[in-house]
Amino acid sequence: MMNEQRREFIRKAGFGVLAGLGVAAGIVPGYSLEKTVLPAWDEKPVAGKIRWGMLIDTRKCKEGCQQCVAVCHHEHNVPDFGNRKDEVKWIWKSPYEKVFPTATQQFKSKELSERSCLALCNHCAESPCTRACPTEATFKRWDGIVAMDYHRCIGCRFCMAACPYGSRSFNWQDPRTAIKEASTSYPTREQGVVEKCNFCSDRLVKGLQPACVETCPEHALTFGDLNDPKSDIRMLLETNTTMQRKPELGTKPSVFYII
Amino acid sequence: MMKIKKQSVIFGGLILVLFAIGAFFLHQESHAGNPMPAPPLKTVAIDSTKCIAPTEYMRANHMRVLNEWRNSSVREGNRIHLAPNGSKFQKSLNTCLGCHGSNRLFCFNCHMYANVKPKCWNCHLSPMETP
């Protein structure tokens, strides 16, 4: 009697397993196993997936060449007032000891002490400017770019005080009066806002490389995703000794240099 | 007699189980064979051939639409506007001006009449300034 019950139980359990397998195999439609269509998800980019970075080979960068600076400043309608006080800059060249003031300066080669290095916003992973901004006008984007939302900037210049690299400029005057050849590819700014390099986010969205990278005649600049181990920039970082500006501050810059 | 019946039940069940397992793996295989769906496009081409919403709605709400576009595209990177009829537009002033810019006074006429002074053209190029 006992035996019969057990046999009955095993038989029923067996049919249960079969039914379960059937569901899993798709013979019986199981709605709990419905497939998810990826493109139907939100089209917002995923934060942290990409971290854009740049590698500047200062050995290749030619002395006196200002092509990347000119192209960038033209493309983004950066004004040129012609004096230091009102100067607005996104990318510029400075002597080695100005770009790397905390790197060793003793017994440098003559060539190195005369070399000028390209400087731009470092798009730090731990950006001090975005912490200082009271209106979140400058913010860390989903792809590692430290972006400016000029619509929100109130011109308090806290970010300029916070940036240890001097990458930010203030529009003391109406910049439109100081743009010689206006470009239609990017808007201008207005008086009373801070501006800086945007890593060409306007070009990235079109699938283009940043203007400075594209224009460099010596191919001294490499742009890519630091989170992708197979990207060109990561390959170069793997095979070269590189430097960041003021790494001791812990800002984790995304711009690297080969000296 | 009883024994044969039992055996047929056992073997029948076994065949069923094997079939189910086979079907399961076949199904898995067909899934693995499919390439991963392409990642969703972050941009769409600027299409200014049709309006994103009816004229009546845009007349009253264009500033809300523009504010929404500005915030979601600049801050979240969500650059695609999905119209209720399913068509997609790039969230850009250029999408509007690609068509409306042909009338250089399109924005100004109404704003002057209503005496509103939006700050768009402090930075963005207005249809008056574009060549």
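A short tour of the structure in this document, coming up. (Residues numbered from 1 in each chain as written. Chains lettered and ligands numbered in written order. Predicted model: local features only at pLDDT ≥ 70, side-chain atom pairs only at ≥ 80, totals over all residues. Heavy atoms only, no water.)

**Some remarks on helix H2 (residues 67-75) of chain A**
Residue and element names in this part refer to chain A. What H2 keeps buried is the set Cys 68, Val 69, Cys 72, His 73 and Glu 75. Projection of H2 onto a plane perpendicular to its axis shows the buried side chains occupying an angular sector of 165°, all on one side. Of the surrounding elements, those touching the buried residues of H2 are strand S2 (91-95), strand S3 (116-120), helix H7 (201-204) and helix H8 (211-215). The positive-phi residue at the C-terminal boundary of H2 is Asn 77, with phi of around 55°. (Buried < 20%, exposed > 50% of the residue type's maximum accessible area, 1.4 Å probe, protein only. Helix = DSSP H or I, 4+ residues; strand = E, 2+ residues; numbered from the N terminus. Arc of directions from axis to C-beta. Contact = heavy atoms within 4.5 Å.)

**Thoughts on a nonpolar patch on the surface**
All names here are of chain B. Judged by side-chain polarity, Ile 10, Phe 11 and Leu 14 come together as a nonpolar surface patch covering roughly 320 Å² of accessible area. Along the chain, Ile 10 turns up in helix H1 (residues 2-33). Its relative accessible area of 51% is what places Ile 10 among the exposed residues. (Patch = residues over 30% accessible without salt bridge, like charges linked within 9 Å, V, L, I, M, F, W, Y side chains within 5 Å. Areas by Shrake-Rupley, 256 points an atom, 1.4 Å probe, with all protein chains shown as cover. Salt bridge = Lys/Arg side-chain N within 4 Å of Asp/Glu carboxyl O.)

**What about the sheet that holds strand S9 (residues 255-258) of chain A?**
All names here are of chain A. Ordered by their spatial adjacency, 3 strands build an open sheet running S8-S1-S9, and the pairing between neighbours is mixed. A strand with exactly one partner marks an edge of an open sheet, and here the two such strands are strand S8 (221-225) and S9. On average, adjacent strands in this sheet sit at an angle of 20° to one another, irrespective of strand direction. Alignment of strand S1 (residues 52-57) against S8, held across 5 bridges, turns out to be antiparallel. The residue bridging Leu 55 from the neighbouring strand is Thr 222, located in S8. Here helix H9 (residues 232-239) sits on the sheet and contacts S1, S8 and S9; the angle it forms with S8, its principal contact strand, is near 115°. (Pairing = 2+ DSSP bridges. Axes fitted to C-alpha atoms, helices over the stretch in contact; angles between N-to-C directions.)

**Side note on the nonpolar core**
Core analysis: the biggest nonpolar cluster contains 45 residues, and Met54(A), Ile56(A), Ile91(A), Leu120(A) and Phe199(A) have the highest contact counts within it. With 4 residues, the top contributor of residues to this core is S3(A). Discounting chain neighbours no more than four positions away, the residues touching Met54(A) are Leu120(A), Phe199(A), Cys212(A), Val213(A), Thr222(A), Phe223(A), Ile233(A), Ser254(A), Val255(A) and Phe256(A). In terms of nonpolar packing, the next biggest core, distinct from the first, is built from 7 residues, Ile52(B), Ala53(B), Trp69(B) and Phe89(B) among them. (Core = buried A, V, L, I, M, F, W, Y, C linked by side-chain atoms within 4.5 Å.)

Fair warning: the whole summary comes from geometry, so function is off the table for now.
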